[in-house]
Amino acid sequence: MSTSTPESAAKNTGETAPNPASGSNPASAAKLASAKSAPTTIWRWRVVDIVVASVLGVAAGLIFLAWNVGYLGPKALLEPLLPGLQGLLDGPWLFAGVLGGLIIRKAGAAIYVELLAAVVSALIGNQWGGFLTLEAGLVQGLGAELIFLLFFYRRWSLPVAILAGAGAALAGGINNLILWYAGSGTEFTVIYLISTVVSGAVIAGALSWVLARGIAATGALDRFGSGREARVRV
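Model, not experiment: these values are computed from the prediction. All residue numbers refer to position in the chain's written sequence, counted from 1. Totals for whole chains, interfaces and linings use all residues, but because this is a predicted model, local features are given only for residues with pLDDT of at least 70 and pairs of side-chain atoms are given and counted only at 80 or more. Water and hydrogen atoms were dropped before computing side-chain values, which therefore reflect all heavy atoms in the structure.

1. Brief notes about the pattern of salt bridges
Moving on, step 1. Salt-bridge detection follows one rule: a side-chain nitrogen of Lys or Arg within 4 Å of a carboxyl oxygen of Asp or Glu. Taken as a whole and assessed by the stated rule, the structure comprises three salt bridges.
Moving on, step 2. For Arg-46, the salt bridge goes to Asp-49, with nearest N and O atoms at 2.8 Å.
Moving on, step 3. On the basis of relative accessible area, Arg-46 is assigned to the partly exposed category, the value being 32%.
Moving on, step 4. Relative accessible area serves as the criterion here: at 0%, Asp-49 is assigned to the buried category.
Moving on, step 5. Across the pair Lys-75 and Glu-79 runs a salt bridge, and its minimum N-O distance is 3.2 Å. Separated by four residues within a single helix, Lys-75 and Glu-79 lie in helix 4 (residues 72-81), roughly one turn from each other.
Moving on, step 6. Per-residue accessibility, obtained with a 1.4 Å probe over protein chains only, is compared with the maximum for each type, and a residue is labelled buried under 20%, exposed over 50%, and partly exposed between these values. Residue classification places Glu-79 among the partly exposed residues on the basis of a relative accessible area of 29%.
Moving on, step 7. One salt-bridge network, held together by shared partners, links Arg-46, Asp-49 and Lys-106. Here a strand is any run of E in DSSP of at least two residues, a helix any run of H or I of at least four, and the numbering for each starts at the N terminus.

Structure (structure tokens):
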């Protein structure tokens, strides 16, 4: 009777013995490989990262342009109802950075996509002017970026996406209070900040996460970690 173990057999054949504790789950293996490579890859942008992030930014900028006009009707209804409640309409201007971060998964992606969307909106023209549009895009992108940084660019779950949307909203809301609502009372300030954070969390955060997963499921993002994760789940 042979008493050889997998380790001794491996030595005789020159092969590496399997580790039973490591498991054979492809999803676990993919997540482990992604976690190990994250510190070395999040700072290096590939050409495909720049191209896809730019496409996302331009597309988001066109959505911004539509919402620049589309929000006026709901705003006219919400403002008389409860001053500050118009913050609920901010979400569509905040999603670009969160979506970019979730898809590209590189340091700076949230800022890049949100700022590029603001550039598109500013170049075509809007009621706020070029400089203030770019400034708002930078601030909002930074708000989302800081949340991804807080998790070391390793967590891309729904809760993180919601926090990123809320972070973009909080940064943008404070910026708006300084530039557009200076001198507002405490009641307006509190209502507005709560409203914009809720909008950012739901629209820019949760919906961007759903959208990113939907795009990844089509196979269009197979060259990204977000796309490979989706294919493993399937």
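2. Quick notes on a nonpolar patch on the surface
Moving on, step 1. Residues enter patches when they are more than 30% accessible in relative terms and free of salt bridges; like-charged ones are connected within 9 Å and nonpolar ones (Val, Leu, Ile, Met, Phe, Trp, Tyr) within 5 Å. Only the protein chains shown count as cover for residues, with accessible areas throughout obtained via the Shrake-Rupley method and a probe of 1.4 Å. Where nonpolar side chains cluster on the molecular surface, the patch consists of Leu-88, Val-190, Ile-194, Val-198 and Val-202 and spans about 390 Å² of accessible area.
Moving on, step 2. Locating Val-190 in the fold gives a position in helix 9 (residues 186-217).
Moving on, step 3. Residue Val-190 is classed as partly exposed on the basis of its relative accessible area, which comes to 41%.

3. Here we look at unusual backbone geometry
Moving on, step 1. Of note in the backbone geometry, Arg-105 takes a positive phi value of approximately 60 degrees without being a glycine.
Moving on, step 2. The topology assignment puts Arg-105 in the loop between helix 5 (95-104) and helix 6 (109-124).
Moving on, step 3. Look at Arg-105 and you get buried, because its relative accessible area is 14%.
Moving on, step 4. A positive phi angle, close to 55 degrees, is found at Tyr-153, a residue other than glycine.
Moving on, step 5. The residue Tyr-153 is located in the loop between helix 7 (130-150) and helix 8 (158-179) in this model.

4. Some thoughts on the packing of aromatic side chains
Moving on, step 1. Any two rings among Phe, Tyr and Trp, with Trp reduced to its six-membered ring, count as a pair given centres within 6.5 Å; such a pair is stacked if its planes are under 30 degrees apart, edge-to-face if over 60, and tilted if neither. In total, this model carries 11 aromatic pairs according to the counting rule given.
Moving on, step 2. Taken together, a centroid distance of 6.1 Å and an interplanar angle of 40 degrees make the contact between Tyr-71 and Trp-128 tilted. Of this pair, Tyr-71 sits in the loop between helix 3 (47-70) and helix 4 while Trp-128 sits in the loop between helix 6 and helix 7, and the two are 57 residues apart along the sequence.
Moving on, step 3. Given a relative accessible area of 25%, Trp-128 falls into the partly exposed group.
Moving on, step 4. Site record: aromatic cluster; members linked through ring pairs are Trp-67, Tyr-71, Trp-93 and Trp-128.
Moving on, step 5. For Arg-46, the ring lying beneath its charged end belongs to Phe-224, and the centroid distance is 5.2 Å. By the criterion adopted, a ring carries a charge over it if an Arg CZ or a Lys NZ lies within 6 Å of its centre and within 35 degrees of its normal.

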